[in-house]
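Listed here are the chains, written in short residue letters.
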Amino acid sequence: MEITYHGHSIVKIRTKGKEILIDPFITGNGLTDLKVEEEQPDYIIVTHGHGDHLGDTVQLAKKKDALVIAMVELAQYLASQGVKSHGMNIGGSYSFDFGTVKLTPALHSTGYENGKGGFHYLGTAAGVLLTIEGKRIYHAGDTALFSDMELIGKPHPIDVAFLPIGDNFTMGPEDAAYAAKLLGAKCVVPIHYNTFPVIEQDPQAFIRMLDQDSGKILQPGEGLNL
């Protein structure tokens, strides 16, 4: 299984001949190495309905009839846009042909401006816990620190955790470092930073707060194999 990071909160997973794209904010993302016209995911997972996470979901999903996995309200909205979707809710899990998806709590708001003066409420924000090829991957989405993160790392350890460190809209480096301790993840990758001036952070400083050898900074396009 190959996992790559592509700027902001975009994570791509290739496994079992399938490609899964999480939070595909490509257009307007100055940090990503991806191009919408080149991407053809089989599945798209969206953590919540803000534009910098929902991103290019509709266009990408229609290219290859990809299935979009998201909170039920967000999934219903995407279905109204002609996208094939699978709605879930916090604490629920479902097995797909690539593995199992479970939505976890996230402390964050959600909603989408349609550019025409309208605003869509799109359900609760979520994190995503994936079990693929016997490995557990946690994408926290946008969230504040919360103590129940400790439960996400049990009873089986998390192999890789993608945690936001940008502050202002999400937890900052100090809170994210404490979240990493609660999760007990074997590998921690910072996300959701330096895309905009208000979330500029030093990822090296964050890595120094973590247990030795547990942190890994990925540049856009870099990845790891599990």
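Thresholds, definitions, all that
- Residues numbered from 1 in each chain as written.
- Predicted model: local features only at pLDDT ≥ 70, side-chain atom pairs only at ≥ 80, totals over all residues.
- Heavy atoms only, no water.
- Helix = DSSP H or I, 4+ residues; strand = E, 2+ residues; numbered from the N terminus.
- Buried < 20%, exposed > 50% of the residue type's maximum accessible area, 1.4 Å probe, protein only.
- Contact = heavy atoms within 4.5 Å.
- Salt bridge = Lys/Arg side-chain N within 4 Å of Asp/Glu carboxyl O.
- Pairing = 2+ DSSP bridges.
- Axes fitted to C-alpha atoms, helices over the stretch in contact; angles between N-to-C directions.
- Phe/Tyr/Trp six-rings, centres within 6.5 Å; stacked < 30°, edge-to-face > 60°.

Participant: How would you explain the side chain of T170 if you had to name every residue and give the values?
Facilitator: For T170, the position within the fold is in the loop between β13 (160–164) and α5 (173–183). Among the residues examined, T170 registers a relative accessible area of 8% and is labelled buried. Once residues lying within four places of it in the same chain are set aside, the contact partners of T170 are D142, T143, P164, I165 and H192.

Participant: Could you give an account of unusual backbone geometry, naming the residues involved and the relevant values?
Facilitator: Across the junction of K154 and P155, the peptide omega takes the value 0 degrees, indicating a cis bond. Along the chain, P155 falls in the loop between α4 (149–152) and β13. Located in the positive-phi region is H8, a residue other than glycine, with phi close to 55 degrees. Tracing the sequence through the fold places H8 in the loop between β1 (2–5) and β2 (11–15). Here H8 falls in the buried class, since its relative accessible area comes to 0%. A positive phi angle, near 70 degrees, is found at D213, a position not held by glycine. For D213, the position within the fold is in the loop between α6 (203–209) and β15 (223–225).

Participant: Quick rundown of the pattern of salt bridges? Include the residues and the values.
Facilitator: Inspection of the entire model under this criterion finds nine salt bridges. With a closest N to O distance of 3.1 Å, R14 and E2 form a salt bridge. Of this pair, R14 sits in strand β2 while E2 sits in strand β1, and the two are 12 residues apart along the sequence. The salt bridge involving E39 is made with K12; its shortest N-O contact spans 2.7 Å. Of this pair, E39 sits in the loop between β3 (18–22) and β4 (43–45) while K12 sits in strand β2, and the two are 27 residues apart along the sequence. The pair formed by E39 and K12 is uniform in burial state, with each residue classed as buried. Taken together, the salt bridges that share partners define one network made up of E2, R14 and E19.

Participant: Could you give an account of the sheet that holds β1, with specific residues and numbers?
Facilitator: If you trace the seven strands from one edge of the open sheet to the other, you get β6-β5-β4-β3-β2-β1-β15, paired in mixed fashion. Of all the strands in the sheet, the pair left with one neighbour each is β6 (85–88) and β15. The mean angle between the axes of side-by-side strands here comes to 20 degrees, regardless of whether they run parallel or antiparallel. Bridge count for β1 against β2 is four bridges, and the pairing is antiparallel.

Participant: Requested: an account of the packing of aromatic side chains, with residues and values cited.
Facilitator: What the rule picks out here adds up to five aromatic pairs. Judged by centre distance (6.1 Å) and plane angle (70 degrees), the rings of Y43 and F96 are edge-to-face. Placement of Y43 in strand β4 and of F96 in strand β7 (residues 93–96) is noted, with a sequence separation of 53 residues between them. Accessibility expressed as a relative area gives 11% for Y43, which makes it buried.

Participant: Now, about the pairing of strand β14 (residues 187–191): what can you tell me, with residues and values included?
Facilitator: Taken across its five residues, β14 has five buried, putting it largely inside the fold. Burial of β14 is two-sided: the residues C187, V189 and I191 facing one way and the residues V188 and P190 facing the other way are all buried. Pairing between β13 and β14: five bridges, direction parallel. Residue L163 lies in a different strand from β14, and its bridge partner there is P190.

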